[in-house]
Amino acid sequence: MDNTPHWDALWRNVHLATMTDGSAGYGEILNGALAVKNGQIAWLGAEKDVPAGAQATETHDGQGAWLTPGLIDCHSHIVYAGNRSNEFEARLNGVAYEAIARAGGGILSTVNATRAASFDDLLAQSLPRVKRLLAEGVTTLEIKSGYGLDLETEAKMLRVARHIGDALPVTVRTTFLGAHAVPLEYKGRADDYVTHVCEVMLPALHAEGLVDAVDAFCENIGFSATQTERVFKAAAQLNLPVKLHAEQLSDQNGAALVGRFNGLSADHLEHLSDAGITAMAAHGTVAVLLPGAYYFLRETKLPPVQALREAGVPMAVSTDCNPGTSPMTSLLLAMNMACTMFKMTPQEALAGTTVHAARALGLHDRVGQLAVGQMADLALWQIDRPADLAYAMGQNMCAGVVKAGRLI
């Protein structure tokens, strides 16, 4: 019996940042090699330890570059229509975000534009944003709905998201965010709208295969914890995982709620309490930090990074790409912001866009690490050390991307 490895591809002359759970630092393997078979990582280690006689259909010389897991943007609202630079200007002239939202701006202004856009228009506006992320080594992307707030438009957004995953070399995970804001037709009837979300929209979208997870905006300008719990219970009946926009502008005890439902993640978290941290730690809920929104809204209350660290809560980092509070399509810039503003380390920032971001999407067993059996989603970087990814703000040093073992 021939036990000589026969691989589809072999990467040699690379340094590996494996980002594996429990690894010290970046899980570095200097002067390494990595082999791919059937779209998965089949072997990795020091190049000197490549099995004798191993064969590969393709052999790539990394020329001393660093190889990391493909980056994961685990929180985005990247499918939308329209532009809200007018609100950016208003905020810089002293108008509060809450006042803009209550006057019909904010989320609702994007709802109007997104409802009016056709499927093709919405796709055409969204694709360039996604492509900018992919150029920076992103191979997995979460896309939320939430700018439709009616069944027709929510379905349109999620179909666009699915199409992006089919048309581009990126894994797309869809999240239903019907409980993002109360639409004008339900003004003053938030409970009735939540009933519509739970009993009409979510079942219909799930039946069409458009929903991978369910989210809500639990906030004083969004939905109460009681209303959010109704959404979570509806998701649980369909065996869908939940996540939550929590504690961004105030403490609504949302993190404790999402923890109680064994949620994938609680996101934003500037006003997170000790009780919320304890609940997240107990249930394995990931803290998704979104420095773009913090920066864009000129917030001053930092998320409790040190307390999360001490409690052992995994911390992910994401762009929160959206038209109103984080119009950012650079995950590398988000990593730099997480380090400079939130005082995360470069190693935490890279873990936050790989292994912990995968956990925030429920994909920990498939992507986010360089390990045998994981999908061969890889990014190749012309850098001296992994810290350069968070250090070099505004620079893209991605020299190549591999998706499911295929160099793209």
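Throughout what follows, the structure given in this document is the object of discussion. Because the structure is a prediction, the values reported are computed rather than measured.

Here we come to the overall build of the protein. Of the regular secondary structure elements, the protein holds 15 helices and 15 strands. In terms of overall dimensions, the protein is globule-like: its C-alpha atoms have a radius of gyration of 21 Å, near the 22 Å expected for 408 residues. Viewed in the frame of its principal axes, the protein has a C-alpha envelope of about 70 × 40 × 40 Å. A total of 408 residues make up the protein; the buried ones form 58% of that total. Carbon and sulfur atoms make up 49% of the accessible area of the protein, which amounts to about 15,700 Å² in all. If the 30 positive side-chain charges of the protein are averaged to one point and the 42 negative ones to another, these points end up 2 Å apart.

Left-over empty space is what a probe sized like a water molecule reveals as it rolls over the atoms. Counted under the stated rule, the structure contains two cavities of 30 Å³ or more. The wall of the largest cavity is formed by 13 residues, among which Y97, I107, H180, N322 and T325 lie closest to the centre. When grouped by side-chain class, the residues that make up the lining of the largest cavity number four nonpolar, seven polar and two charged. If you add up the space inside the second largest cavity, you get close to 50 Å³. Lining the second largest cavity, in full, are R173, T174, T175, D212, A213, P241, K243, L264 and L361. Residue contributions to the lining of the second largest cavity peak at three residues, all from strand β7 (residues 171-179). Class assignment of the residues belonging to the lining of the second largest cavity gives a composition of four nonpolar, two polar and three charged.

The buried count for strand β8 (residues 213-218) comes to six of six residues, which makes it a mostly enclosed element. Of the two faces of β8, both are covered, the one formed by A213, D215 and F217 as well as the one formed by V214, A216 and C218. Two strands pair when backbone bridges link them, and β7 and β8 are joined in this way by three bridges, in the parallel orientation. When the bridges of β8 are listed, T175 appears paired with A213. Taken together, β7, helix α6 (residues 190-207) and β8 constitute a β-α-β crossover, and its handedness is right-handed.

For the rest of this paragraph, the subject is the sheet that holds β7. Here we have eight strands laid out as an open sheet, ordered β5-β6-β7-β8-β9-β10-β11-β12, and parallel in their pairing. The open sheet terminates on both sides in strands that have one partner only, identified here as β5 (71-73) and β12 (315-317). When strand polarity is set aside, the average angle formed by the axes of neighbouring strands in this sheet is 25 degrees. Bridge count between strand β9 (residues 243-246) and strand β10 (residues 265-268): four bridges; the pairing is parallel. Each bridged residue has a counterpart across the sheet, and for H245 the counterpart in β10 is D267. Across the sheet, α6 lies against β7 and β8, angled at about 150 degrees from β7, the strand it touches most. Relative to β8, helix α7 (residues 225-237) is tilted by about 175 degrees, and along the sheet it contacts β7, β8 and β9.

Attention now moves to the packing of aromatic side chains. Using the criterion set out here, one finds seven aromatic pairs in the structure. Aromatic side chains F88 and F296 sit 4.8 Å apart centroid to centroid with 20 degrees between the ring planes, which places their arrangement in the stacked category. Here the residue F88 occupies a position in helix α1 (residues 85-92), and F296 occupies one in helix α10 (residues 291-296), the gap between them amounting to 208 residues. On the basis of relative accessibility, which here comes to 34%, the residue F88 falls in the partly exposed class. What links up through ring pairs into an aromatic cluster is the set Y186, Y193 and F223.

Conventions and cut-offs
Numbers given for residues are sequential positions, taken from 1 along each chain in its written order. Thresholds applied to this predicted model are a pLDDT of at least 70 for local features of residues and 80 or more for the giving and counting of side-chain atom pairs; totals over whole chains, interfaces and linings are not thresholded and use all residues. Processing note: side-chain calculations cover all non-hydrogen atoms of the structure and skip hydrogens and water entirely. Every helix listed is a DSSP run of H or I at least four residues long, and every strand listed is a run of E at least two residues long, numbered separately from the N terminus. It is over C-alpha atoms that the radius of gyration is taken, and the globule rule equals 2.2 Å times the number of residues to the power 0.38. For the exposure calls, accessible area comes from a 1.4 Å probe over protein chains only, and a residue counts as buried if that area is under 20% of its type's maximum, exposed if over 50%, partly exposed in between. We get accessible surface area from the Shrake-Rupley algorithm with a probe of 1.4 Å; when it comes to residues, only the shown protein chains can shield them. Only four residue types enter the charge count, namely Lys and Arg as positive and Asp and Glu as negative; His and the chain termini do not. Here the site of a charge means atom NZ of a Lys, CZ of an Arg, CG of an Asp or CD of a Glu. Whether a set of points on the 1 Å grid over the protein atoms alone is a cavity depends on a 1.4 Å probe fitting there but being unable to get out, while an open set qualifies as a pocket with protein on both sides within 12 Å along at least five of seven lines; lining residues are those with an atom within 4 Å of a point. Grid points are joined across faces, edges and corners, and a volume is the space filled by probe spheres set on the points. Residue polarity follows a fixed list, in which Ala, Val, Leu, Ile, Met, Phe, Trp, Tyr, Cys and Pro are nonpolar, Asp, Glu, Lys and Arg are charged, and the others, Gly among them, are polar. We treat two strands as partners when DSSP finds at least two bridges between them. A crossover counts as right-handed when, viewed with the strands pointing away from the observer, the path leading from the first strand over the helix to the second turns clockwise. Axes here refer to lines fitted to C-alpha atoms; in helices the fit is confined to the stretch in contact. Angles between the N-to-C directions go from 0 to 180 degrees. Two residues qualify as a contact provided that any one of their heavy atoms is within 4.5 Å of a heavy atom in the partner residue. Stacked, tilted and edge-to-face are the three classes applied to pairs of Phe, Tyr and Trp rings, where Trp contributes its six-membered ring and a pair requires centres within 6.5 Å; stacked means planes under 30 degrees apart, edge-to-face means over 60, and tilted covers the rest.

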